[in-house]
Amino acid sequence: MARLLVTGGAGFIGANFVHYWVEQYPDDRVVVLDSLTYAGNLASLEGLTDCEQFRFVKESIVEKDVVATLLREEQIDTVVHFAAESHVDRSISGPADFIDTNIVGTHNLLQAARSAWLDSDDAPASHRFHHVSTDEVYGSLGPTDPGFSESTPYAPNSPYSASKAASDHLVRAYHHTYGLQVTTSNCSNNYGPYQFPEKLIPLMIVNALEGKLLPVYGDGSNIRDWLYVEDHVRAIDLVLKKGRVGETYNIGGNEEWANIDIVNRICAAIDTAFVDDGELATRFPDAPAAKGGQTASLITSVKDRPGHDWRYAIDPSRAQNELGFRPQHDFAGGLASTIDWMLNNEAWWRAVMDGSYRDWVTKHYASS
Ligand code: NAD
Ligand code: DAU
């Protein structure tokens, strides 16, 4: 039986991880530590709060004492560290929170883990610190460059990716210097249930349903590699079970798509959904599809993101060969499931979104 501390477990990937873990491993203890920023929501942990194996603690990883106490009190032997400021655009307009949470917060966790696991008489027999990171630490690729491998030099371009790169280096250093048993995964773009509608896919779905403009940065040619969140969660499980301590694993979906193609696919899928289900026009009367129009009419080119990375891609060899990881969802299936989930969980996305985010978007990306 493992005793997990999941930081950021009320966020998008963390919540998916917690749901998966509780179902797969009902004997394990799962403690979520999350400060519930705008991106974290208890609604994403529905059904778990009454579950005996589960505990939720609303605190920040920046609070040193909280983390240290929790590790000891709960006799944690595994940390899975998701907590972060995760949105690139927000890191451009306000980097300070990214430094606090992603760098200082990660360092607090490492210090607390070192103290509880390496410098204590009642340390667990074995331990693991798994750090969830991003492919953005490697910078941007040209059209024919090979995908990022674990030995690609770091070249972060945004305050977000620079803060994640710093945290990756700290995790590595705590292994090499102190012998902390760490692993790191660097994953490509996730999508799926419980993703806050500021990221490309859920934002486009919500705006399309509400008849709002679909803001495509620049010419829409930027490419990302997309992975359905459930596959990322399985990959982390595999790293915890089979990963070599001290190693990093690049996780990807082998699904490279240009932003504009994704937005067009979402538009077409929503048009079809309205044809198939007459009730949608009543629920979302402002959608162009409710009035016989085309969702794609909402697509608008806006000012580009400063320093916008052009392409990310993953060389999945290590995760494939060492962990046996292969995504189970292709992009077409994953996107269809995500759109269905958003249509069936309107109460969730309305609850997590508030006016301040809409105002923020309007201020930062004027139509070009
Ligand atoms: P998210 O923004 O949806 O969730 C982050 C969670 O962390 C939220 O619940 C938030 O409340 C919590 N949090 C933020 N600051 C905190 C603090 N100081 N103390 C405690 N909790 C805090 O992020 P996500 O998309 O789920 O990403 C999770 C992790 O995965 C991040 O580390 C991110 O860098 C990484 N990642 C994300 C993606 C992606 O496509 N979303 C891809 C690769 C890696
Ligand atoms: O690659 C992994 C990373 O993916 C994670 O580490 C980050 O936490 C996660 O936010 C994501 O970063 P991106 O910047 O790639 O994701 P985002 O959804 O913000 O944007 C995806 C692409 O779509 C990017 O090229 C910018 C563009 N975009 C985004 C938004 C929100 C638009 O054109 N319009 C938009 O409104």
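Data block above holds the structure.
Residues numbered from 1 in each chain as written. Chains lettered and ligands numbered in written order. Predicted model: local features only at pLDDT ≥ 70, side-chain atom pairs only at ≥ 80, totals over all residues. Heavy atoms only, no water.

Caption draft 1: How the structure looks around the environment of Phe129. Looking at where Phe129 falls in the secondary structure, it is placed in strand 5 (residues 128-134). Classification of Phe129 as buried rests on a relative accessible area of 0%. When the C-alpha atoms of Phe129 and Val171 are compared, they prove to be 8.5 Å apart, with 42 residues separating the residues in sequence. What Phe129 contacts, discounting residues up to four positions off in sequence, is Val79, His81, Leu109, Leu110, Ala113, Trp117, Val171, Leu180, Gln181, Val182 and Thr183. (Helix = DSSP H or I, 4+ residues; strand = E, 2+ residues; numbered from the N terminus. Buried < 20%, exposed > 50% of the residue type's maximum accessible area, 1.4 Å probe, protein only. Contact = heavy atoms within 4.5 Å.)

Caption draft 2: Quick peek at unusual backbone geometry. Positioned with a positive phi, Gln75 is a non-glycine residue whose angle comes to about 45 degrees. When you line up the elements, Gln75 lands in the loop between helix 2 (64-73) and strand 4 (78-81). A positive phi angle, near 55 degrees, is found at Asn254, a position not held by glycine. If you trace the backbone, Asn254 turns up in the loop between strand 10 (248-251) and strand 11 (256-258).

Caption draft 3: Representation of the pattern of salt bridges. Overall, the coordinates contain 17 salt bridges when judged by the stated rule. Here Arg90 makes a salt bridge to Glu198, at a shortest N to O gap of 2.8 Å. On the criterion of sequence distance, the pair formed by Arg90 in helix 3 (residues 88-93) and Glu198 in the loop between strand 7 (189-191) and helix 6 (200-210) is long-range, its members being 108 residues apart. For the pair formed by Arg90 and Glu198, the shared burial category is buried. Across the pair Glu346 and Arg283 runs a salt bridge whose closest N-O atoms are separated by 3.1 Å. One end of the pair, Glu346, is in helix 12 (residues 346-352); the other, Arg283, is in helix 9 (residues 279-283), with 63 residues separating them in the sequence. On the basis of relative accessibility, which here comes to 30%, the residue Arg283 falls in the partly exposed class. Each of Arg3, Arg29, Arg55, Glu73 and Glu74 takes part in a single network of salt bridges with overlapping partners. (Salt bridge = Lys/Arg side-chain N within 4 Å of Asp/Glu carboxyl O.)

Caption draft 4: Seen up close, the site of ligand 2. Taken together, 24 residues sit near ligand 2, with Thr134, Asp135, Tyr160, Arg305 and His308 positioned nearest. With respect to ligand 2, the side chain of Thr134 contributes an N or O atom lying 2.7 Å from an oxygen atom. A distance of 2.7 Å separates an oxygen atom of ligand 2 from a polar side-chain atom of Glu136. (Near = heavy atom within 4 Å. Polar contact = N/O pair within 3.5 Å; in protein donor to acceptor, adjacent residues only side chain to side chain.)

Caption draft 5: Quick look at the sheet that holds strand 9 (residues 223-228). A sheet is described by the order of its strands in space; here three strands give the open sequence 7-9-11, paired in mixed fashion. Two strands close off the open sheet at either side, each with one partner strand: strand 7 and strand 11. Here the strands of the sheet are splayed against their neighbours by 50 degrees on average, with no regard to which way each runs. Relative to strand 9, strand 7 runs parallel, the two being bridged by three bridges. Its bridge partner lying in strand 9, Tyr191 is registered against Tyr228. (Pairing = 2+ DSSP bridges. Axes fitted to C-alpha atoms, helices over the stretch in contact; angles between N-to-C directions.)

Caption draft 6: Representation of the site of ligand 1 within the structure. Inspection of the region around ligand 1 gives 28 residues, with Ile13, Asp34, Ser86, Tyr160 and Lys164 positioned closest. A distance of 3.5 Å is found between an oxygen atom of ligand 1 and a backbone nitrogen or oxygen belonging to Leu36. Residue Ser86 places a side-chain N or O atom 2.7 Å away from an oxygen atom belonging to ligand 1. Isolated, ligand 1 exposes 840 Å² of accessible area, and the fraction of that covered by the protein chains is 96%. For the shell around ligand 1, the secondary structure elements donating two or more residues are helix 1 (12-24), strand 5, helix 5 (159-178) and strand 7. For the shell around ligand 1, the element with the highest residue contribution is strand 5, accounting for three residues. Residues of the shell around ligand 1, tallied by class, amount to 12 nonpolar, 13 polar and three charged. (Areas by Shrake-Rupley, 256 points an atom, 1.4 Å probe, with all protein chains shown as cover. Nonpolar A, V, L, I, M, F, W, Y, C, P; charged D, E, K, R; others polar.)

Caption draft 7: Summary view of the side chain of Ser158. For Ser158, the position within the fold is in the loop between strand 5 and helix 5. At 3.0 Å, the side chain of Ser158 and the backbone nitrogen of Ser161 are in polar contact.

Caption draft 8: Layout of the sheet that holds strand 6 (residues 182-187). Read from one edge of the open sheet, seven strands run 3-2-1-4-5-6-10, paired in parallel fashion. In this open sheet, the two edge strands, each paired with only one partner strand, are strand 3 (54-57) and strand 10. Across this sheet, the average inter-strand angle for adjacent strands is 15 degrees, counted without regard to direction. The pairing of strand 2 (residues 29-33) with strand 3 spans four bridges and is parallel. By the bridge assignment for strand 3, Val30 is matched with Phe54. Helix-sheet contacts for helix 4 (residues 96-118) involve strand 1 (3-7), strand 4 and strand 5, and the interaxial angle to strand 5 is about 165 degrees. Of the strands in this sheet, strand 5 and strand 6 are in contact with helix 5, which crosses strand 5 at around 155 degrees.

Geometric descriptors of this kind do not, in isolation, establish any biological role.
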